[in-house]
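# Structural overview
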Protein chains: 2
Amino acid sequence: MRRVGRVDTCPLTVVGVARTARTTKADTPVQAGLNRAEHGAVHVAEEFAEGLAELDGFDYAWLVSWLDRHGETGEAPLVQVPYLLRRTPRPVGLFATRSPRRVNPIGLSLVRLLGVEGTTVRFAGVDLLDGTPIVDIKPYVAAFDLPPGEPRCGWVDEVALAEGATPASLDPR
Amino acid sequence: MRRVGRVDTCPLTVVGVARTARTTKADTPVQAGLNRAEHGAVHVAEEFAEGLAELDGFDYAWLVSWLDRHGETGEAPLVQVPYLLRRTPRPVGLFATRSPRRVNPIGLSLVRLLGVEGTTVRFAGVDLLDGTPIVDIKPYVAAFDLPPGEPRCGWVDEVALAEGATPASLDPR
């Protein structure tokens, strides 16, 4: 059995575990949307298998995860320099970032579904460390999740988004 | 002080509370995306106020909520008839629905930001009961949250989505 993360620290019911090729935070892409080609899987616990029925009819899904390896340094700072601003450092409010260091370390990853076989959900779009606890899977529904027009995206609109960016690649040192 | 929901039952840190005009589950729209005109607010706890800096640069945000009034009947069924399928009843897997009755009752609402003043975040798009605990706010970032093309959305693609639909309006009885 490979390392399964610190599932024991999660205050929620863990419905599955992410399996990816990423084992260190520094080398894990900061967003699934910036790493859409890489494949991973969620191994859903047997007791929740029935809940996957018809998920394969959706092209995309949200993985709601418990970012178990981002709480080690204590409380999340309310003002942070996001990874994507590290080369032009500027602090912004936590709730205006997608930083993994949050008051509640809940991750939200949009992934493309590749297949559901038994209790394995294969996907493309990896921003999770191997072993990250998954606490929910929700289907992507355009009618609910797609805002009209071209919404302003704050400071992110000013940043060049590099495919596959990781904390290490974004570190100016 | 108005009723603030059952914040005490939430195993996560509550960062704020949703304020809406909706007080009963049956008459609360099932999705913010189907009720985009109605306004609400999040009253963020004073201790997290700093985390709101620069949120106002984004047009949309995700409210991650704890659906505190959907766990009363015990464990969530793994196979459910979604509200939106009540007129043509068919059970689907929980993880292929956006049902509020989930293994972990975590809600995900896409809302349009109207303004951030002090600790009050005003928004449009209401699917939360008044007093619902908010456990995270994340900015909507198109580069992360917008899938390319026109993804298949499973059973939802077969359903007529009525603006403002509520459990009561969708009940065939």
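Here, every reference points to the structure presented above.
## Some words on unusual backbone geometry
Residues and elements named next belong to chain A. In this model, Glu54 sits at a positive phi of 80°, which is unusual for a non-glycine residue. Along the chain, Glu54 turns up in the loop between β2 (39-44) and β3 (60-66). On the accessibility criterion, Glu54 (28% relative accessible area) is partly exposed.

## Points about empty space enclosed by the protein
According to the stated counting rule, one finds two cavities of 30 Å³ or more in the structure shown. By volume, the largest cavity amounts to about 290 Å³. Examining the composition of the lining of the largest cavity, we find that four residues originate from one element, strand β6 (residues 106-117) of chain A, more than from any other. Here the residues of the lining of the largest cavity are counted per class, giving 10 nonpolar, eight polar and six charged. In this structure, the second largest cavity encloses a volume near 40 Å³. Together, A:Val64, A:Ile106, A:Gly107, A:Leu108, B:Val64, B:Ile106, B:Leu108 and B:Lys138 line the second largest cavity. Elements supplying a minimum of two residues to the lining of the second largest cavity: β6 of chain A together with β6 (106-117) of chain B. Element by element, the count of residues in the lining of the second largest cavity is highest for β6(A), at three residues. Here the residues of the lining of the second largest cavity sort into six nonpolar, one polar and one charged.

## Quick look at the pattern of salt bridges
Per the counting criterion, the structure on display carries 20 salt bridges over all chains. One salt bridge in this structure joins B:Arg90 and A:Glu54, with 2.4 Å as the shortest N-O distance. Taken as a pair, B:Arg90 in the loop between β4 (79-80) and β5 (92-93) and A:Glu54 in the loop between β2 and β3 lie in two separate chains rather than in one. What you see here is one network of salt bridges that share partners, running through A:Glu54, B:Arg90 and B:Glu158.

## A closer look at the relation of the copies chain A and chain B
The transform that puts chain A on chain B rotates by 180° and translates by 0.0 Å along the axis, for an RMSD of 0.0 Å. The superposition of one copy onto the other is thereby described by a two-fold rotation axis. Relative to the rotation axis, the closest C-alpha in chain A is found at A:Pro11, a distance of 3.1 Å. In this assembly the copies share their binding face: 100% of the residues contributing to the interface of chain A also contribute to that of chain B.

## Some points on the sheet that holds strand β7 (residues 120-124) of chain B
Within a beta sheet, neighbouring strands are joined by backbone hydrogen bonds and run either parallel or antiparallel to one another. All names here are of chain B. Read around the closed barrel, six strands run β1-β2-β7-β6-β3-β8, paired in antiparallel fashion. Direction aside, the axes of adjacent strands within the sheet are offset by 45° on average. Relative to strand β8 (residues 133-139), strand β3 (residues 60-66) runs antiparallel, the two being bridged by five bridges. Across the sheet, residue Trp62 finds its bridge partner in β8, namely Lys138.

## Structural notes on the side chain of A:Arg69
Residue and element names in this part refer to chain A. Checked against the element boundaries, Arg69 lands in the loop between β3 and β4 (79-80). A polar atom in the side chain of Arg69 sits 3.3 Å from the side chain of Asp68. From its side chain, Arg69 meets the backbone oxygen of Asp130 in a polar contact 2.8 Å long.

## Points about the interface of chain A and chain B
Contact with chain A, which involves 64 residues of that partner, is made by 64 residues of chain B. Here chain A packs against chain B, burying approximately 5,900 Å² in sum over the two surfaces, 62% of which is carbon and sulfur. Together, A:Phe95, A:Arg98 and A:Phe144 form the three largest contributors to the area buried by chain A at its contact with chain B, with a combined 15%. Joining chain A to chain B, the criterion identifies eight salt bridges. The shortest N-O distance in the salt bridge between B:Arg152 and A:Asp59 comes to 2.8 Å. Applying the counting criterion to the chain A and chain B interface returns 34 residue pairs in polar contact (both at pLDDT 80 or more). The biggest single contributor to the side of chain A that touches chain B is strand β8 (residues 133-139) of chain A, with five residues. Its residues assigned to classes, the side of chain A that touches chain B comprises 41 nonpolar, 10 polar and 13 charged.

## Here's the deal with the environment of A:Thr28
Residue and element names in this part refer to chain A. Relative to the elements of secondary structure, Thr28 occurs in the loop between β1 (16-19) and β2. C-alpha separation for the pair Thr28 and Thr9, spaced 19 residues apart in sequence, amounts to 21 Å. When neighbours within four sequence positions are excluded, Thr28 is seen to be in contact with Arg22, Asp127, Leu128, Leu129, Ala165, Thr166 and Pro167. Within polar-contact distance, the side chain of Thr28 engages the backbone oxygen of Thr24 at 2.7 Å.

Cut-offs applied
- Residues numbered from 1 in each chain as written.
- Chains lettered and ligands numbered in written order.
- Predicted model: local features only at pLDDT ≥ 70, side-chain atom pairs only at ≥ 80, totals over all residues.
- Heavy atoms only, no water.
- Helix = DSSP H or I, 4+ residues; strand = E, 2+ residues; numbered from the N terminus.
- Buried < 20%, exposed > 50% of the residue type's maximum accessible area, 1.4 Å probe, protein only.
- 1 Å grid on protein atoms, 1.4 Å probe; cavity = no way out; pocket = protein on both sides within 12 Å on 5 of 7 lines; lining within 4 Å.
- Points joined across faces, edges and corners; volume = space filled by probe spheres on them.
- Nonpolar A, V, L, I, M, F, W, Y, C, P; charged D, E, K, R; others polar.
- Salt bridge = Lys/Arg side-chain N within 4 Å of Asp/Glu carboxyl O.
- Least-squares fit on C-alpha atoms with pLDDT ≥ 70 in both.
- Contact = heavy atoms within 4.5 Å.
- Pairing = 2+ DSSP bridges.
- Axes fitted to C-alpha atoms, helices over the stretch in contact; angles between N-to-C directions.
- Polar contact = N/O pair within 3.5 Å; in protein donor to acceptor, adjacent residues only side chain to side chain.
- Buried area = accessible area lost by both parts, 1.4 Å probe.

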